[in-house]
Amino acid sequence: IGEYVWADRSALRPETRSVLVDGKSGPGVVYLTAEGYAIAEAAIPCPLAPAPTPGQETHKIKRYGMMRRLYQKAQKEAGVSGLRLHDIRHLFGQTAADENVPTVQTQAQMRHSDPKMTRRYEMPYQARQAAEAVARRLGIVKQTKKKKPA
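Residues numbered from 1 in each chain as written. Predicted model: local features only at pLDDT ≥ 70, side-chain atom pairs only at ≥ 80, totals over all residues. Heavy atoms only, no water.

### Describing the overall build of the protein chain
Alright, step 1. The secondary structure content of the protein chain amounts to seven helices and three strands.
Alright, step 2. Its helices and strands taken in sequence order, the protein chain reads α-β-β-β-α-α-α-α-α-α from the N to the C terminus.
Alright, step 3. Looking at the protein chain residue by residue over its 150 residues, the buried ones come to 27%.
Alright, step 4. Look at the contacts in the protein chain between residues 6 or more apart in sequence, and 39% of them connect residues 24 or more apart. (Helix = DSSP H or I, 4+ residues; strand = E, 2+ residues; numbered from the N terminus. Buried < 20%, exposed > 50% of the residue type's maximum accessible area, 1.4 Å probe, protein only. Contact = heavy atoms within 4.5 Å.)

Below, the structure written as structure tokens:
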């Protein structure tokens, strides 16, 4: 999340719908859907955060704090509590695993340096698959067909 908070307009790549980021894993590129890119375009740089001061990194901390406060306000307005901003990242990883996105692609998008980190999201999905297979064999549930991507 911080990678986006710290980005400026030069990080946006409209021709590929991507954002150049630099974080714990080093520099990289994150590709977005059309909707995701539109959000990034509107949010980079964070319009409510102070502009960077040459030679100082404090603007990054202030931008992250602003993003966190806005997220908490949105949660409150939606009647939701107990979610961290970082949970959005976990949602992405789990959804990608549930949709059988190859580990290497998910790893690149999440910018994990080690595929073991990415495979953590696959474990709950595999466990559910195993439980469903046993339940089908026992006749407890009927097999459901997964929709093919459009």
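### Quick look at a nonpolar patch on the surface
Alright, step 1. Side chains of Leu20, Val29 and Tyr31 sit close together on the surface and give an oily, nonpolar patch of about 240 Å² of accessible area.
Alright, step 2. If you trace the backbone, valine 29 turns up in strand β3 (residues 26–31). (Patch = residues over 30% accessible without salt bridge, like charges linked within 9 Å, V, L, I, M, F, W, Y side chains within 5 Å. Areas by Shrake-Rupley, 256 points an atom, 1.4 Å probe, with all protein chains shown as cover. Salt bridge = Lys/Arg side-chain N within 4 Å of Asp/Glu carboxyl O.)

### Remarks on helix α7 (residues 122–137)
Alright, step 1. Look at α7: 23 Å from first C-alpha to last across 16 residues, which is about the 22 Å you get at 1.5 Å a residue.
Alright, step 2. Buried residues of α7: Glu122, Tyr125 and Ala135, and no others. Taken around the axis of α7, the buried residues stretch over an arc of 150°, which confines them to a single face. What points out from α7, more than 90 degrees from its buried face, is the exposed set Met123 and Arg137.
Alright, step 3. The inward-facing, buried residues of α7 abut α4 (87–98), α5 (103–110) and α6 (115–119).
Alright, step 4. Immediately downstream of α7, the backbone of glycine 139 shows phi near 75°, a positive value. (Expected span 1.5 Å × (residues − 1). Arc of directions from axis to C-beta.)

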